[in-house]
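# Overview (structure and organization)
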2 protein chains.
Amino acid sequence: MNTKARDPATCSPLLTDLYQLTMLDAYYQLGMEQPAVFEFFVRRLPTGRNFLVAAGLEQALDYLENVRFGPDDLAWLKSTGRFSSMFLDRLAAFRFQGDVMAIPEGTVFFASEPVLRVTASLPEAQLIESRLINLLQFQTLIASKAARCRLAAGSARLIDFGMRRAHGAEAACLASRASYIAGVDATATVEAGRLFGIPLAGTMAHSFIQAHDTETLAFSHFAQCRPDNVVLLIDTYDTERGAKRVAALSRLLRAAGIRVQGVRIDSGDSHEQACRVRRILDDAGGNDIQIYVSGNLDENNIAALRRDKAPIDAFCVGTHLSTSYDAPALDCAYKLNQYAGKPRRKRSAGKETWPGPRAVYRQTDAHGQIATDWLTCADETIEGRALLHTAMIRGQRCYPPPALDEVRAYCRSELQSLPEPLRTLEVNRGSPVKVSQRQHQLAEEFDLYSAMEMPFDRQVSDLMSEDG
Amino acid sequence: MNTKARDPATCSPLLTDLYQLTMLDAYYQLGMEQPAVFEFFVRRLPTGRNFLVAAGLEQALDYLENVRFGPDDLAWLKSTGRFSSMFLDRLAAFRFQGDVMAIPEGTVFFASEPVLRVTASLPEAQLIESRLINLLQFQTLIASKAARCRLAAGSARLIDFGMRRAHGAEAACLASRASYIAGVDATATVEAGRLFGIPLAGTMAHSFIQAHDTETLAFSHFAQCRPDNVVLLIDTYDTERGAKRVAALSRLLRAAGIRVQGVRIDSGDSHEQACRVRRILDDAGGNDIQIYVSGNLDENNIAALRRDKAPIDAFCVGTHLSTSYDAPALDCAYKLNQYAGKPRRKRSAGKETWPGPRAVYRQTDAHGQIATDWLTCADETIEGRALLHTAMIRGQRCYPPPALDEVRAYCRSELQSLPEPLRTLEVNRGSPVKVSQRQHQLAEEFDLYSAMEMPFDRQVSDLMSEDG
């Protein structure tokens, strides 16, 4: 398990933006290798998200433990003619030896909160930016979407059918992982089953039906060849006719010791179809035959189907889940908060950051539900549960990766701690996040300090005369 | 180049949905191994797309040439307890030995048109479905988005900054490839540069500025350490002040033989900022310093900026490009059209398919612009250019992968063949696709044939008595 994350292709140091290498070259030339603190956070929640679920940390830690420049990487970089031998020698020795604090996978969190904090020499903390964001944002995105599907589906079974429209192979497997953490029950993606031990599930395709001369023959063949998992797809030609065929066949199969476990409906009005199919199956004594529904499902239509009491036992969610279709990216960043012991802050319009390393403390109410998340300076202590935990010290993990089922159970308890206004699928504009007095003070002090910066003309001439 | 696509992880046979394996087991048990024809096509265009650009074929062919079950794959499948030894022995010998016809990469196409046709034994054609869709849909999605950005950007430079918010590593690299095909000029993603030979581009990050005590010092350091590519990020604290610093510094640097190539603005009102920065730079004699803009760009705001004559030389497009943000998936399918010589058709509500293998012929007007795409039966001949070409025979590629720059040049000519109503960014509801008379006839005949299917009760009892 987890072998893929250690695969060289997924830990390649070239999975980075060109500017990281260019800046590293400059940092080395300038001797700027003092400790830097960077934090990964989400600037604002996408429309249609009241909370996010942290995921992707284990793959990020795998990457940090394993990222290094091999001979092929260095030879290729040399061939571009962009980099000096001295720089390439430094890269050959590159290892990530920093410290990492992070919010555990499966934790519910909100905008502005630091999800991961890296403390490392400036070049080490810089190079890893692109892949770190790439890994953390994607799984967090999908876990957050999956959590909404889970909340919508109640106790019904949820299955990930998202591989084909996921953005590539890595996306498909990591989407299955993130979805499983957030409460999806199984995946159809075989590779995700192998990599992460996620339970597999599947039914049959229209092509199986079409390849047979009649639908009944296809059903009967499938049941006899794969008696362990008989879930029959009934909408290839006419859903009700398909259901009647299954009803008739299931009695004969039962006599032969084969149980039809379910039928799947992949098109049409899911509510109406499910009701009609349920009646047909029940009338034929097939009360134990479950109804699976697939096709363009998301948390909103799942919630509507459940509100309308559609007799559906399993929701198979594909594209909407594996691409987070309504919000396919998070407005997130990995920003420098401190260098060489001094707090740093970005003031770009609409993209300001908080200066200095930060922490988050969660306070809950008497029912264990989230009341306030306090955003503080890292060295403050505020009552409540600290969300950031030490994950890595000097480039080494502090604990073995937790079992995925433990992360999943933890995430379930996290979702239970959401107060009703945040748990709803409807957009809620409230946020439980408050910023501490000291953090506000530090930001003001930083701005005061910036305002005292020397006028630029004097600086420039000083600078050039030093060079001359 | 292209080595990654041959990486075992990207050609793993377990990159598939569980049901493909289950169906394969049944097909082998039943001896259903006659030739099948499957076609990949897009059911309908996403809102906000008037055309699509085919991409991903080379990775799909790599996969088909290399997909096979290794000892580890087989051992893991065995460990699941789901499959018989007999079936696993069949898988051990699995090779894709079918024929493939496809629309070349870079071709403009429309809904309903077959993009790729597989003719192979039913199990071979079935197993590959999930990964084939996964590869073709993603690159086609991104190439189609990139083409809109290209049309919007006119002759301005377009750079892919999309890695960090792409859905994983494979998505980032394949998005760079697809974007380059459709006219993006360069990518910041280093691994994509290595894998596919795409030109690299990059600037600097806010952290570089923030790590210095003053902005001017940061600019000066960067220019002196990396004099080959001086593009300075000026919005960390105050964009106009940043521009003034660059203006003053550039004169001094010029005297030292270093040229400031450009400045980048990553926040605020791009049009207003670019105008002010242009004036500041020009007033200081920096007319040759280019303006790069990034931050939340897509084809629509690029078009607006160009319409308003914003003085922007390069657009750096990230999230919107690498996730196809406004339409992060295509409604596409890979469907059985023929088995054992008989046409097959799916009649599911809203998801009907055309029966039998198909072809597309493109007719252009006197100006070389697309007039009509005729959707025909594969054995019809209609005047016009046949879009489907033979790509693979008996599992072997028919030609070496074309150079990416050739594909890119071809795509440019394809975009030029778009008539104005389809080329616009605005939604146009017209489509140049027409269906041939014979294709309509075949569909009617198929439905007639289906209607004559025996009543299900008789079938079921016949079936079971055969078994008994």
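## As for the pairing of strand S9 (residues 262-265) of chain B
Residue and element names in this part refer to chain B.
- On S9, burial covers both faces: Gly262 and Arg264 on one face and Val263 and Ile265 on the other are all buried.
- With 3 bridges connecting them, strand S8 (residues 231-233) and S9 associate as parallel partners. Paired with Leu233 across the two strands is Arg264, which belongs to S9.
- In terms of handedness, the path from S8 via helix H12 (residues 239-255) over to S9 forms a crossover that is right-handed.
- Here S9 runs beside strand S10 (residues 290-294); their pairing, made up of 4 bridges, is parallel. Bridging from a neighbouring strand, Ile265 pairs with Val293 of S10.
- The handedness of the S9 to S10 crossover, carried by helix H13 (residues 270-283), is right-handed.

## Some thoughts on the interface of chain A and chain B
- At the interface, 98 residues of chain A touch 98 residues of chain B.
- Per element, the largest residue contribution to the side of chain A that touches chain B is 9 residues, and it comes from helix H3 (residues 18-30) of chain A.
- For the side of chain A that touches chain B, a count of residues per class yields 47 nonpolar, 31 polar and 20 charged.

## Describing the relation of the copies chain A and chain B
- Note on the copies: chain A fits chain B at an RMSD of 0.0 Å, the axial shift is 0.0 Å, and the rotation between them is 180°. Within this description, the copies of the chain are treated as partners about a two-fold rotation axis.
- Both copies share a contact surface, since 100% of the interface residues of chain A are interface residues in chain B too.

## Section: the environment of Tyr27(B)
All names here are of chain B.
- One can find Tyr27 in helix H2 (residues 18-30).
- Since 24 C-beta atoms lie within 10 Å of it, Tyr27 is described here as buried.
- Considered as a pair, Tyr27 and Thr80 are 53 residues apart in the sequence and their alpha carbons are 20 Å apart.
- With residues up to four places along the chain from it excluded, the contact list for Tyr27 reads Met32, Glu33, Leu122, Pro123 and Gln126.

## What to know about the packing of H12(B) against H13(B)
All names here are of chain B.
- Packing of H12 against H13 leaves a shortest axis separation of 9 Å and a crossing angle of 25°. With respect to each other, H12 and H13 are oriented roughly parallel. Regarding H12 and H13, the two cross each other, and that crossing is right-handed. For the pair H12 and H13, the contacting residues are Thr239, Glu240, Ala243, Lys244 and Ala247 in the first and Gln273, Arg276, Val277, Ile280 and Leu281 in the second.

## Examining the nonpolar core
- Counting 280 residues, the largest nonpolar core has Leu232(A), Val263(A), Phe315(A), Leu232(B), Val263(B) and Phe315(B) as its most contacted members.
- Other than its neighbours up to four places away in sequence, Phe315(A) contacts Ala153(A), Ala156(A), Leu158(A), Val293(A), Leu297(A) and Ile302(A).

## Section: the packing of helix H8 (residues 129-153) of chain A against helix H9 (residues 169-181) of chain A
Residue and element names in this part refer to chain A.
- Two numbers describe how H8 lies on H9: the axes approach to 8 Å, and their chain directions differ by 45°. Taken together, the axes of H8 and H9 are oblique relative to one another. Pair H8 / H9 crosses with right-handed handedness. Residue-level inspection shows Phe138, Gln139, Ile142, Ala143 and Ala146 of H8 in contact with H9, the latter providing Ala171, Leu174, Ala175, Arg177, Ala178, Ser179 and Ile181.
- When the residues that make up the contact of H8 with H9 are grouped by side-chain class, the tally is 9 nonpolar, 2 polar and 1 charged.

## What about the sheet that holds strand S17 (residues 389-393) of chain B?
Residues and elements named next belong to chain B.
- Read across the open sheet, the 7 strands follow the order S13-S12-S1-S5-S3-S17-S18; overall the sheet is antiparallel. On the outer flanks of this sheet lie strand S13 (342-343) and strand S18 (396-397), each paired with one strand and no other.
- Of the pairings in the sheet, the one linking strand S12 (residues 331-339) to S13 comprises 2 bridges and is antiparallel in character. Within S13, the residue paired with Gln338 across the bridge is Pro343.

## Digging into the pairing of strand S17 (residues 389-393) of chain A
Residues and elements named next belong to chain A.
- Note: strand S3 (residues 99-102) against S17, 3 bridges, orientation antiparallel. Residue Met101 lies in a different strand from S17, and its bridge partner there is Thr390.
- Of the pairings in the sheet, the one linking S17 to strand S18 (residues 396-397) comprises 2 bridges and is antiparallel in character. Looking across to S18, one finds that Ile393 is bridged to Gln396.
- Here S17 hands over to S18 after 2 residues, with Arg394 in that stretch at a positive phi of 45°.

## A look at H8(A)
Residue and element names in this part refer to chain A.
- Given a rise of 1.5 Å per residue, 25 residues ought to cover 36 Å, and the 36 Å separating the end C-alpha atoms of H8 matches this to within 8%.
- Burial analysis of H8 places 24 of its 25 residues in the buried class, which makes it a mostly covered element.
- Looking one or two residues beyond H8, the residue adopting positive phi is Gly154, at roughly 55°.

## Quick notes on the domain arrangement of chain A
All names here are of chain A.
- According to the domain assignment, chain A consists of domain 1 (3-142 + 328-451) and domain 2 (145-322).
- A separation of 38 Å is found between the C-alpha centroids of domain 1 and domain 2.
- Contact with domain 1, which involves 20 residues of that partner, is made by 27 residues of domain 2.
- Looking at the side of domain 1 that touches domain 2, the elements with two or more residues in it are helix H1 (3-6), H8 and helix H17 (404-416).
- Grouping the amino acids of the side of domain 1 that touches domain 2 by side-chain chemistry returns 10 nonpolar, 5 polar and 5 charged.

## As for the sheet that holds strand S11 (residues 314-317) of chain A
Residues and elements named next belong to chain A.
- Pairing within the open sheet is parallel, and its 6 strands lie in the order S7-S6-S11-S10-S9-S8. Because the sheet does not close on itself, it has two edges, and the strands there are strand S7 (186-187) and strand S8 (231-233).
- Judged from the 2 bridges that link them, strand S6 (residues 157-160) and S7 form a sheet pairing that is parallel. Paired with Ile159 across the strands is Ala186, a residue of S7.

Conventions adopted
- Sequence positions are assigned chain by chain, starting from 1 and proceeding in written order.
- Following the order in which they are written, the chains are lettered starting with A and the ligands numbered starting with 1.
- Since the coordinates come from a predicted model, pLDDT governs what is reported: local features require at least 70, and pairs of side-chain atoms require 80 or more to be given and counted, while whole-chain, interface and lining totals use all residues.
- Burial is judged by counting the other C-beta atoms within 10 Å of a residue's own C-beta: 20 or more makes it buried, 12 or fewer makes it exposed, and any count in between marks it as partly exposed, with every C-beta position built from the backbone.
- Each helix is a run of H or I in the DSSP string that is no shorter than four residues. Each strand is a run of E no shorter than two, and both are numbered from the N terminus.
- At least two bridges found by DSSP between two strands are what make those strands a pair.
- By definition, the crossover connecting two strands over a helix is right-handed if that path, from the first strand to the second, turns clockwise as seen with the strands pointing away from the viewer.
- For every residue pair, C-beta atoms are placed from the backbone, and the pair is scored as a contact if these atoms sit within 7 Å.
- Just so you know the grouping, Ala, Val, Leu, Ile, Met, Phe, Trp, Tyr, Cys and Pro go in nonpolar, Asp, Glu, Lys and Arg go in charged, and all remaining residues, Gly too, go in polar.
- We place the copies in one frame by least squares, fitting the C-alpha atoms of every residue whose pLDDT is at least 70 in both.
- In this analysis, axes come from line fits to C-alpha atoms, helices being fitted only over the stretch in contact, and the angle between any two N-to-C directions falls in the range 0 to 180 degrees.
- The labels follow the angle: roughly parallel below 35 degrees, roughly antiparallel above 145, roughly perpendicular from 65 to 115, and oblique for the rest.
- Take the far helix as the reference: if the near one is turned anticlockwise from it by less than a right angle, the crossing is left-handed, and if turned clockwise, right-handed.
- Nonpolar cores are built from buried Ala, Val, Leu, Ile, Met, Phe, Trp, Tyr and Cys residues. These are joined into a set through C-beta atoms within 7 Å.
- Expected span of a helix, by definition, is 1.5 Å for each gap between consecutive residues, and there is one gap fewer than residues.
- What fixes the domain bounds is an automatic or database domain assignment.

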